[in-house]
Amino acid sequence: IKVYLPRSIDSAAAAPAPSPRVPSARAVAILLVEDNPMVRELTQQLLLTLGHAVTVTASPEHALALCEQPNTPIDLLMTDVVMPGMNGKELVRQARAIRPGIRVLFSLDVGADVIAQHGVLDTSISFIQKPFGIDELAAKIHEALERP
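Residues numbered from 1 in each chain as written. Predicted model: local features only at pLDDT ≥ 70, side-chain atom pairs only at ≥ 80, totals over all residues. Heavy atoms only, no water.

A. Region of the structure containing the sheet that holds strand 2 (residues 53–57). Taken together, the five strands give an open sheet; going across it, the order is 2-1-3-4-5, and neighbouring strands pair in parallel fashion. The open sheet has two free edges, formed respectively by strand 2 and strand 5 (127–129), since each of these has just one partner strand. Mean inter-strand twist for the sheet, computed between neighbouring axes without regard to direction, equals 20°. Relative to strand 3 (residues 76–80), strand 1 (residues 29–33) runs parallel, the two being bridged by four bridges. Note that in strand 3 the partner of Ile30 across the bridge is Leu76. (Pairing = 2+ DSSP bridges. Helix = DSSP H or I, 4+ residues; strand = E, 2+ residues; numbered from the N terminus. Axes fitted to C-alpha atoms, helices over the stretch in contact; angles between N-to-C directions.)

B. Just the nonpolar core, in detail. Leu31, Val33, Leu77, Leu91 and Phe106 are the most contacted members of the largest nonpolar core, which totals 19 residues. Contributing elements (two or more residues each) for this core: strand 1, helix 3 (60–68), helix 4 (88–98) and strand 4 (103–108). Excluding residues within four positions of it along the chain, Leu91 makes contact with Val33, Pro60, Ala63, Leu64, Leu77, Thr79, Met83 and Met86. Counting 17 residues, the second-largest nonpolar core is a separate cluster that includes Val28, Ile30, Ile128 and Leu137. (Core = buried A, V, L, I, M, F, W, Y, C linked by side-chain atoms within 4.5 Å. Buried < 20%, exposed > 50% of the residue type's maximum accessible area, 1.4 Å probe, protein only. Contact = heavy atoms within 4.5 Å.)

C. Layout of the packing of aromatic side chains. What the rule picks out here adds up to zero aromatic pairs. Of note, Lys140 hangs over the ring of Phe127, and the distance from its end group to the ring centre comes to 5.2 Å. (Phe/Tyr/Trp six-rings, centres within 6.5 Å; stacked < 30°, edge-to-face > 60°. Lys NZ or Arg CZ within 6 Å of the ring centre and 35° of its normal.)

D. Main features of the packing of helix 2 (residues 37–49) against helix 6 (residues 134–146). Following both chains from N to C, one finds helix 2 and helix 6 inclined at 70°, their axes separated by 10 Å at the closest point. Compared by their axis directions, helix 2 and helix 6 come out roughly perpendicular. Across the interface between the two elements, Leu46, Leu47 and Thr49 from helix 2 touch Ile134, Leu137 and Ile141 from helix 6. Here the residues of the contact of helix 2 with helix 6 sort into five nonpolar, one polar and no charged. (Parallel < 35°, antiparallel > 145°, perpendicular 65-115°, else oblique. Nonpolar A, V, L, I, M, F, W, Y, C, P; charged D, E, K, R; others polar.)

E. View of the side chain of Ser107. Counting through the fold element by element, Ser107 comes out in strand 4. The buried category is assigned to Ser107, whose relative accessible area is 3%. Those residues within four positions of Ser107 in sequence are excluded, and the remaining contacts are Glu34, Met78, Thr79, Asp80, Val81, Ile128 and Lys130.

F. How the structure looks around helix 3. Among all positions in helix 3, only Pro60, Ala63, Leu64, Leu66 and Cys67 are buried. The arc that holds every buried residue of helix 3, seen down its axis, measures 160°, which confines them to one face. Contact partners of the buried residues in helix 3: strand 1, strand 2 and helix 4. (Arc of directions from axis to C-beta.)

G. A look at the packing of helix 3 against helix 4. Look at helix 3 against helix 4: their axes get within 9 Å of each other, and the N-to-C directions meet at 10°. As the angle between them shows, helix 3 and helix 4 are arranged roughly parallel. As helix 3 packs across helix 4, the resulting crossing turns out to be right-handed. Only Leu91, Gln94, Ala95 and Ile98 of helix 4 make contact with helix 3, whose side of the interface consists of Pro60, Ala63, Leu64, Cys67 and Glu68. (Left-handed = near helix turned anticlockwise from the far one by under 90°.)

H. Summary view of unusual backbone geometry. Looking along the chain, the bond that leaves Lys130 and enters Pro131 is cis, with omega of -10°. Relative to the elements of secondary structure, Pro131 occurs in the loop between strand 5 and helix 6.

This is the structure in structure tokens:
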């Protein structure tokens, strides 16, 4: 058996590029509202990996009940747009009545332009299209928290 090895290794070429993950200045308390169990679990794991505190629910009604509890910290509401019973836009409207100024990140199965055409989503609101990776999620959380 012959094994051929390079004489030298260019460390810049051999090392994988570092992740462009956007570091958060602090852990964010995120209320995740997602009706699809598989997407909900995966998103929760990504959020935990990013170092955030996550409260998870499958229903908009339960999310509103959590918003009404003053001892439940919520910096960011991450919600699916299309859910059974109540859509994400209505959830956000009611959540902001309880907690004015709450930051929002919508997750979409289809492009935001399609949703905006149907009047469900204002294009000035932060959104992330499914499927998404951890780096994109980190960047979108940062974007949502920075919006006025």
